[in-house]
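Structural characterization, general
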Amino acid sequence: MASAAHRRNKSDGKLLLNADNKGENHIIVENLSLHLVQPNNLIKNLFSKTFSNKNHLKNSPAIEKCLLENIYCKFPRNKLSCIMGPSGAGKTTLLNLISGRTSNDPHGKSTCTKIRGTMKINNQPIVNKNRKGMRTLCGYVAQDDVMMASLTVRENIRFSLDLRLTGETGVELTADQKEQKIDYLINALGLSKCANSRIGNHSIRGVSGGERKRCAIAMEMVTNPKILFLDEPTTGLDASTALSVLQLCKKLSKKMTIIMTIHQPRACIWELFDHAV
């Protein structure tokens, strides 16, 4: 690892984290706000039916919605952190904003997003031009796992690895290196017994919900992310399976920063978190 705190890649402006700054907070969010500007569809439809001149549509009023306002929070490095709150509180919105999945687009054609405030990694601000570079540092496990139901656990991990570690990333692995990495992820995430089982869906018999979630995590870990985001990983899981998934995340947090959203954790799950927002 280089001694410089950050380096910028010329292609996407991504930030490389300095693993030596153990005393600093990994992510700091200060006065963060997100406003969504949408056209008033009711008035827009009224204009379209009343006036034949389309210029009236350009001047139709817009509605600005405040999704997040004045958010202050910190996420320490190599810890298991959670964003907790009721439904509709903005947990996923904040997670998407921090991970770079939501970008500042004040001049969007249909919907505009306005982001205010600052976000820092190791006290270095992340500006709009390299916010997308955050996605190269992070892994993101969505609430609804997206994977091929007809493929096995091993095949899904290999599919993710082939897509992400070639092309623009500039990382080329040999066939043996790929298999070694896949075997390591399968063993690390406790997927050895179901490695050759299909994922399945409502019409194809497949793995359990906990194994499916661990496979989704493995698919994001093929790039060795510095930060792993999870959107409500316990949704749809029973109490025992949810606990096993969180125990796995706790184990992984020793080597990476893990930030997740969660609705209402049980006491045994709550005790696993190092930090809560």
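Before going into details, it helps to say that this report is about the structure given with it. (Residues numbered from 1 in each chain as written. Predicted model: local features only at pLDDT ≥ 70, side-chain atom pairs only at ≥ 80, totals over all residues. Heavy atoms only, no water.)

Comments concerning unusual backbone geometry
- In this model, asparagine 31 sits at a positive phi of 50 degrees, which is unusual for a non-glycine residue.
- The exposure class assigned to asparagine 31 is partly exposed, which follows from its relative accessible area of 33%. (Buried < 20%, exposed > 50% of the residue type's maximum accessible area, 1.4 Å probe, protein only.)

Description of the environment of glycine 209
- Of note, glycine 209 is situated in helix α7 (residues 209-220).
- Through-space distance from the C-alpha of glycine 209 to that of threonine 235 is 9.7 Å; in sequence the pair is 26 residues apart.
- With residues up to four places along the chain from it excluded, the contact list for glycine 209 reads Leu237 and Thr241. (Helix = DSSP H or I, 4+ residues; strand = E, 2+ residues; numbered from the N terminus. Contact = heavy atoms within 4.5 Å.)

Points about the layout of surface pockets
- Of the volumes computed, that of the second largest pocket is approximately 320 Å³.
- Forming the boundary of the second largest pocket are Tyr184, Ala188, Met221, Asn224, Pro225, Lys226, Lys251, Leu252, Lys254, Lys255 and Met256.
- Those elements that place two or more of their residues in the lining of the second largest pocket are α6 (175-188) and α8 (239-252). (1 Å grid on protein atoms, 1.4 Å probe; cavity = no way out; pocket = protein on both sides within 12 Å on 5 of 7 lines; lining within 4 Å. Points joined across faces, edges and corners; volume = space filled by probe spheres on them.)

Focus: the nonpolar core
- Membership of the largest hydrophobic core comes to 40 residues, with the highest contact counts inside it found for Ile157, Leu191, Ile217, Ile258 and Met260.
- Broken down by secondary-structure element, the contributors of at least two residues to this core are β3 (80-84), α5 (153-164), α6, α7, β7 (227-231), α8 and β8 (257-262).
- Of the residues forming this core, the biggest block, six residues, is contributed by α8.
- If near-sequence neighbours (up to four positions away) are discounted, leucine 191 is found in contact with Val153, Ile157, Ile186, Glu211, Arg214, Cys215 and Ala218.
- Counting 23 residues, the second largest nonpolar core, distinct from the first, contains Val29, Leu68, Leu97 and Ile259. (Core = buried A, V, L, I, M, F, W, Y, C linked by side-chain atoms within 4.5 Å.)

Considerations on the environment of alanine 218
- Position of alanine 218 among the secondary structure elements: in helix α7.
- As a C-alpha pair, alanine 218 and alanine 188 span 30 residues in sequence and 8.9 Å in three-dimensional space.
- Setting aside residues up to four positions removed in sequence, alanine 218 forms contacts with Ile157, Leu185, Leu189 and Leu191.

Brief notes about α8
- With 14 residues, α8 extends 20 Å from end C-alpha to end C-alpha; this agrees with the ideal 20 Å at 1.5 Å per step.
- All of the buried residues along α8 are Thr241, Ala242, Val245, Leu246, Leu248, Cys249 and Leu252. Mapping the buried residues of α8 onto a view down its axis gives an arc of 155 degrees, with all of them on the same face. What points out from α8, more than 90 degrees from its buried face, is the exposed set Ser240 and Lys251.
- Considering only its buried residues, α8 is in contact with β3, α6, α7, β7, β8 and α9 (267-270).
- A distance of 3.1 Å separates the backbone nitrogen of serine 240 from a side-chain oxygen at the start of α8, and that oxygen is part of aspartate 238. (Expected span 1.5 Å × (residues − 1). Arc of directions from axis to C-beta. Polar contact = N/O pair within 3.5 Å; in protein donor to acceptor, adjacent residues only side chain to side chain.)

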